[in-house]
Amino acid sequence: MIARIDAYPLRYAEPHYRGMERCVTLVRIETSDGTVGWGESISQFPEAAVATKVLIDEGFAPRISGRDPLDVELLWKEMCTYAYWFGVEGIAAFAISAIDMALWDLKGKILGQPVYRLLGGAQRRRIRVYANGWYTNPGRPELNAEEAKTVVAMGYTALKFDPFGQHNYYTISLAEAQLAEDRVAAVREAVGPEVDI
């Protein structure tokens, strides 16, 4: 049975993106036999991480404590029904997803199986991954090109990249648009045509 649910809001700086702060809420669920599952939700705002903790502590924890952690789908539906009154987006979605992740982690540990097996098994033996967070933003085009070469040398063949480096995503000046284009062109030239950007 679920014996304890703790939420920990944490803040950290994203060094490559103008030092922008990110926030994560870690959720720890412990069963009566001491098995522990972990989940997380991520936000850009510290207030969202704190609000997620409050909703977990005061809203969801009392509703799922004492319940069977193997009933992941039932608990998820009940949390969504409860969250209807808050709108099942934003803070409620952060809280539900972190708890859901922790419950799946618990279920895998209790049953002695990796979660991917519980979710239907492997669909492929290998999966291609992309590099993210490798670039300085905003960065000079030549800096981004050097960073991209370093990441490709690590074995990555695909790079996720935000070349815009602005806070306002609804408007962009011609100078910003040109700088973004220059960044992408420099990265493309640095890594060649075989790497996906």
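Structural notes, computed from the coordinates. As the structure is a prediction and not an experimental result, all values here were calculated from the model.

1. Section: the environment of glutamate 47
Note that glutamate 47 resides in helix α1 (residues 46–64). Residue classification places glutamate 47 among the exposed residues on the basis of a relative accessible area of 56%. Spatially, the C-alpha atoms of glutamate 47 and alanine 98 are 16 Å apart, while their sequence positions differ by 51 residues.

2. Some words on a nonpolar patch on the surface
A cluster of nonpolar side chains, namely Tyr8, Leu10 and Trp38, defines an oily patch on the protein surface of about 280 Å² accessible area. Examined against the element boundaries, leucine 10 turns out to sit in strand β1 (residues 2–14). For leucine 10, a relative accessible area of 37% gives the class partly exposed.

3. So, the environment of isoleucine 29
By the element assignment, isoleucine 29 lies in strand β2 (residues 20–31). It is 9.1 Å that separates the C-alpha atoms of isoleucine 29 and proline 69, two residues lying 40 residues apart in sequence. The residues touching isoleucine 29, leaving out its near neighbours within four places in the chain, are Ile2, Arg4, Ile5, Thr35, Val36, Gly37, Ile99, Ala102, Leu103 and Leu106.

Reading the values: the criteria
- Residues numbered from 1 in each chain as written.
- Predicted model: local features only at pLDDT ≥ 70, side-chain atom pairs only at ≥ 80, totals over all residues.
- Heavy atoms only, no water.
- Helix = DSSP H or I, 4+ residues; strand = E, 2+ residues; numbered from the N terminus.
- Buried < 20%, exposed > 50% of the residue type's maximum accessible area, 1.4 Å probe, protein only.
- Patch = residues over 30% accessible without salt bridge, like charges linked within 9 Å, V, L, I, M, F, W, Y side chains within 5 Å.
- Areas by Shrake-Rupley, 256 points an atom, 1.4 Å probe, with all protein chains shown as cover.
- Salt bridge = Lys/Arg side-chain N within 4 Å of Asp/Glu carboxyl O.
- Contact = heavy atoms within 4.5 Å.

Remember, this is a structural readout, not a statement about activity or role.
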